[in-house]
Amino acid sequence: KATTWEKIVEAWKSGLVSGIITQTANAMGNTTFLATRPLVDAVAVAIGAARRDADRMTAIEPLARITGNIHGVIDGSKAAFAVLRTGEGLGGKTEQHRKAIEGKVGEIIRTPFRALSAADAFFRISNERGEAFALASREAVKEGYNPATREFRERVAEIVANPTDAMIDQIETAGARFTFNMPLGDKGKAIQSTIKALHLEWAVPFVQTPANVAKEMLRLTPAAPIIKEWRDAIAKGGAEKDKAIAEMAMGSAVGATVFAFALSKNISGQGDPDPKKRAAQMASGWQPY
């Protein structure tokens, strides 16, 4: 049975994620990550072609991923509505709540978590379908099918419907990773346990999601080698190595471009925190964001 403190923490955490900005940021973050994957694939295809390695991505994979994402919209929508109706997620952000508050009151208080879980379900399935189609198209090409033929499309559909165990692992990992739901490692779990044991949830309410977001952000920069998962992908070689390099290259290029635009004042932020100075900026014709 949950303690009074656990009930307080659950209600407080729910309050933190109840705002429309938080919900919108979650959806925008997932949408952005979903949209960048075909771009990463395209860069990885170019890297693999330069290496001339047999174990590389095929040129059809970026398009196949987009096709899979589109296919996943219907199933993802069904899953999202199911989560909204039942409150049961897909096993993602387990740190959000443990149903500490009983009864209808608890269900009402946990509504913001249900909304986040529904969005996660939608994007997770969309990403899984995209990964499934990408892997299936690679396998079909290896088997000698021509991507321009009907036989190729039929073979891809067959593989998607009956993936190998190895493919299933990759698909599920992609679904968790691309929605920032990867399980914490030993260090992360230790930190999470310490926070709970010392009742520090008021200072660090969430661990899993921020840790995953930080990892993914760093993998898109020259600092990627400090992330173990990135180093593991490099060590695997082949297509995984190409994608890891592509992530770092593409993210760094986008970051450098945005930084240059910011320095040249072609894009802006919220402005000076001092209301008077900000008013002066606005009066001069400057616009926020």
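Residues numbered from 1 in each chain as written. Predicted model: local features only at pLDDT ≥ 70, side-chain atom pairs only at ≥ 80, totals over all residues. Heavy atoms only, no water.

What follows covers the overall build of the protein chain. Within the protein chain one finds 12 helices and 0 strands. Secondary structure of the protein chain in N-to-C order comes out as α-α-α-α-α-α-α-α-α-α-α-α. The principal-axis extents of the C-alpha atoms in the protein chain amount to approximately 60 × 55 × 35 Å. Buried residues in the protein chain amount to 37% of all 289 residues. (Helix = DSSP H or I, 4+ residues; strand = E, 2+ residues; numbered from the N terminus. Buried < 20%, exposed > 50% of the residue type's maximum accessible area, 1.4 Å probe, protein only.)

Oppositely charged side chains can pair when the atoms bearing their charge come close. Per the stated rule, a full pass over the model turns up 22 salt bridges. The shortest N-O distance in the salt bridge between Glu158 and Arg155 comes to 3.4 Å. Residue Glu158 and its partner Arg155 are located together in helix 6 (residues 150-161), separated by 3 residues, close to a single helical turn. A salt bridge links Glu247 to Arg219; the shortest N-O distance between them is 3.5 Å. (Salt bridge = Lys/Arg side-chain N within 4 Å of Asp/Glu carboxyl O.)

Right, let's talk about the environment of Pro183 for a bit. For Pro183, the location among the structural elements is in the loop between helix 7 (165-177) and helix 8 (186-197). As for Pro183 and Ala211, which are separated by 28 residues in sequence, their C-alpha atoms are 9.9 Å apart.

Counting 11 residues, the largest nonpolar core is built from Ala64, Ala132, Phe133, Leu135, Ala136, Ala140, Phe152, Val156, Ile159, Met167 and Ile171. Of all the secondary structure elements, the ones that give two or more residues to this core are helix 5 (111-142), helix 6 and helix 7. A total of 5 residues in this core trace back to one element, the largest contributor, which is helix 5. Core analysis: the next-biggest nonpolar cluster, separate from the first, contains 7 residues, Ala44, Met57, Ala246 and Met250 among them. (Core = buried A, V, L, I, M, F, W, Y, C linked by side-chain atoms within 4.5 Å.)

Positioned with a positive phi, Phe180 is a non-glycine residue whose angle comes to about 60°. Inspection of the secondary structure assignment puts Phe180 in the loop between helix 7 and helix 8. With relative accessibility at 12%, the residue Phe180 sits in the buried group. Backbone geometry at Tyr289 places phi at a positive 50°, although glycine is not the residue there. Within the element layout of this structure, Tyr289 appears in the segment after helix 12 (275-283). For Tyr289, a relative accessible area of 71% gives the class exposed.

To continue, consider the layout of surface pockets. Here the largest pocket is characterised by a volume of approximately 550 Å³. Together, 23 residues line the largest pocket, and Thr173, Arg177, Arg219, Lys236 and Glu240 are the ones closest to its centre. Listed by contribution, the elements that provide at least two residues to the lining of the largest pocket are helix 7, helix 9 (208-219), helix 10 (228-236) and helix 11 (238-263). At 5 residues, the largest contribution of residues to the lining of the largest pocket is made by helix 7. Split into classes, the residues belonging to the lining of the largest pocket amount to 6 nonpolar, 3 polar and 14 charged. (1 Å grid on protein atoms, 1.4 Å probe; cavity = no way out; pocket = protein on both sides within 12 Å on 5 of 7 lines; lining within 4 Å. Points joined across faces, edges and corners; volume = space filled by probe spheres on them. Nonpolar A, V, L, I, M, F, W, Y, C, P; charged D, E, K, R; others polar.)

If you want to describe how two helices pack, look at the angle between their axes and the distance between the axes. Following both chains from N to C, one finds helix 5 and helix 6 inclined at 125°, their axes separated by 8 Å at the closest point. Classified by the angle their axes make, helix 5 and helix 6 are oblique. Relative to helix 6, helix 5 is oriented so that their crossing is right-handed. Across from Ala132, Phe133, Ala136, Ser137, Glu139, Ala140 and Val141 in helix 5, the residues of helix 6 making contact are Phe152, Arg155, Val156, Ile159 and Val160. Split by residue class, the contact of helix 5 with helix 6 holds 9 nonpolar, 1 polar and 2 charged. (Axes fitted to C-alpha atoms, helices over the stretch in contact; angles between N-to-C directions. Parallel < 35°, antiparallel > 145°, perpendicular 65-115°, else oblique. Left-handed = near helix turned anticlockwise from the far one by under 90°. Contact = heavy atoms within 4.5 Å.)

Another aspect to go through is the packing of aromatic side chains. Enumeration over the complete set of coordinates arrives at 3 aromatic pairs. Here Phe33 and Phe178 contribute two aromatic rings whose centre-to-centre distance is 5.8 Å and whose plane-to-plane angle is 80°, an arrangement assigned as edge-to-face. Placement of the pair is Phe33 in helix 2 (residues 20-51) and Phe178 in the loop between helix 7 and helix 8, with a sequence separation of 145 residues. Taken together, the ring pairs in this structure connect Phe33, Phe178 and Phe180 into an aromatic cluster. The ring of Phe33 is capped by Arg37, whose NZ or CZ atom sits 5.9 Å from the centre of that ring. (Phe/Tyr/Trp six-rings, centres within 6.5 Å; stacked < 30°, edge-to-face > 60°. Lys NZ or Arg CZ within 6 Å of the ring centre and 35° of its normal.)

For helix 11, spanning 26 residues, the distance from its first C-alpha to its last is 38 Å, which sits close to the expected 38 Å at 1.5 Å a residue. Along helix 11, the residues that are buried comprise Gly238, Ala239, Asp242, Lys243, Ala244, Ala246, Glu247, Met250 and Gly251. At its buried positions, helix 11 is contacted by helix 2, helix 5, helix 7, helix 9 and helix 10. Once helix 11 finishes, Lys265 follows within two positions and takes phi at roughly 65°, a positive value. (Expected span 1.5 Å × (residues − 1).)

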